[in-house]
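Chain by chain, the residues run as shown.
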Amino acid sequence: MIVSVEISVYPLTENYKPTVKSFIRKISENSALKIKVNGISTQVFGELSEVMPTLEKAIQSCFETQKASVVIKFLGTDLSEYEYKG
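Given the structure is predicted, the values throughout are model-derived calculations rather than measurements.

### A closer look at the pairing of strand S2 (residues 34-37)
If a strand is regular, its side chains alternate between the two faces of the sheet. Looking at chain direction, S2 and strand S3 (residues 42-47) are connected through four bridges and run antiparallel. Across the sheet, the residue bridging to Val37 is Thr42, located in S3. Count of turn residues in the S2/S3 antiparallel hairpin: four residues.

### Observations concerning the layout of surface pockets
In this structure, the largest pocket occupies an estimated 320 Å³ of space. Around the largest pocket, the lining is made up of 17 residues, and of these Val9, Val20, Asn38, Gly39 and Ile40 lie nearest the centre. Counting only elements with at least two residues in the lining of the largest pocket, the list comes to strand S1 (2-11) and helix H1 (17-28). For the lining of the largest pocket, a count of residues per class yields 10 nonpolar, five polar and two charged. Lining the second largest pocket are 13 residues, with Ser4, Glu6, Gln43, Phe45 and Leu79 positioned closest to its centre. Within the residue set of the lining of the second largest pocket, elements represented by two or more residues are S1, S3 and strand S4 (68-75). When grouped by side-chain class, the residues that make up the lining of the second largest pocket number seven nonpolar, two polar and four charged.

### Observations concerning the environment of Ser69
Assignment of secondary structure puts Ser69 in strand S4. Assessed through its relative accessible area of 32%, Ser69 is described here as partly exposed. Spatially, the C-alpha atom of Ser69 lies 21 Å from that of Glu29, the residues being 40 residues apart in sequence. Sequence-distant contacts of Ser69, defined by excluding residues within four places in its chain, comprise Ser8, Val9 and Tyr10.

### Brief notes about the nonpolar core
Most often, soluble globular proteins keep nonpolar side chains buried together rather than apart. Counting residues in each nonpolar core, the largest one holds 14 residues, and the members touching the most others are Val5, Ile7, Phe23, Ile27, Val44, Val51 and Leu55. If you list the elements that add at least two residues to this core, you get S1, H1 and helix H2 (48-65). At five residues, the largest contribution of residues to this core is made by H2. If near-sequence neighbours (up to four positions away) are discounted, Leu55 is found in contact with Val5, Ile7, Ile27, Ile72 and Phe74.

Reading the values: rules and limits
- Residue positions within a chain follow its written sequence, with the count starting from 1.
- Totals for whole chains, interfaces and linings use every residue, but because this is a predicted model, local features are given only for residues with pLDDT of at least 70 and side-chain atom pairs only at 80 or more, for both listing and counting.
- Hydrogens and water are ignored here; the side-chain numbers use all heavy atoms of the structure.
- Between any two strands, pairing holds if DSSP finds at least two bridges.
- Helix and strand labels come from DSSP, where a helix needs a run of H or I of at least four residues and a strand needs a run of E of at least two; each type is numbered from the N terminus.
- In this analysis the probe radius is 1.4 Å and the grid spacing 1 Å, with only protein atoms considered; a cavity is a set of points the probe fits into but cannot get out of, a pocket is an open set with protein on both sides within 12 Å along at least five of seven lines, and lining residues have an atom within 4 Å of a point.
- Grid points are joined across faces, edges and corners, and a volume is the space filled by probe spheres set on the points.
- When residues are sorted by character, Ala, Val, Leu, Ile, Met, Phe, Trp, Tyr, Cys and Pro go into the nonpolar class, Asp, Glu, Lys and Arg into the charged class, and all the rest, Gly among them, into the polar class.
- Working definition: with a 1.4 Å probe on protein chains only, accessible area under 20% of the residue-type maximum means buried, over 50% means exposed, and in between means partly exposed.
- Whether two residues are in contact is decided by their heavy atoms: any pair within 4.5 Å suffices.
- In this text, buried Ala, Val, Leu, Ile, Met, Phe, Trp, Tyr and Cys residues form a nonpolar core when linked through side-chain atoms within 4.5 Å.

Everything listed is a geometric property; what it means functionally is a separate question.
Right under this line is the structure:
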């Protein structure tokens, strides 16, 4: 099943950028996933069986190195080609 996932990482520190960049690098290691990054969140698209272990590793790494909140939304369809034209 292809899913679309929106992830926001909120490190509980003023120097938040290294943690966010590290999280994005970690999920980008899985070449089976399509990743889109913007200023508010990161979107991940791919097979649920690929997404879940990748997110688990990235979240675990984030929590081991930094206090942070990770907010994730899942949609059970592929929105990787969707573009807002508002």
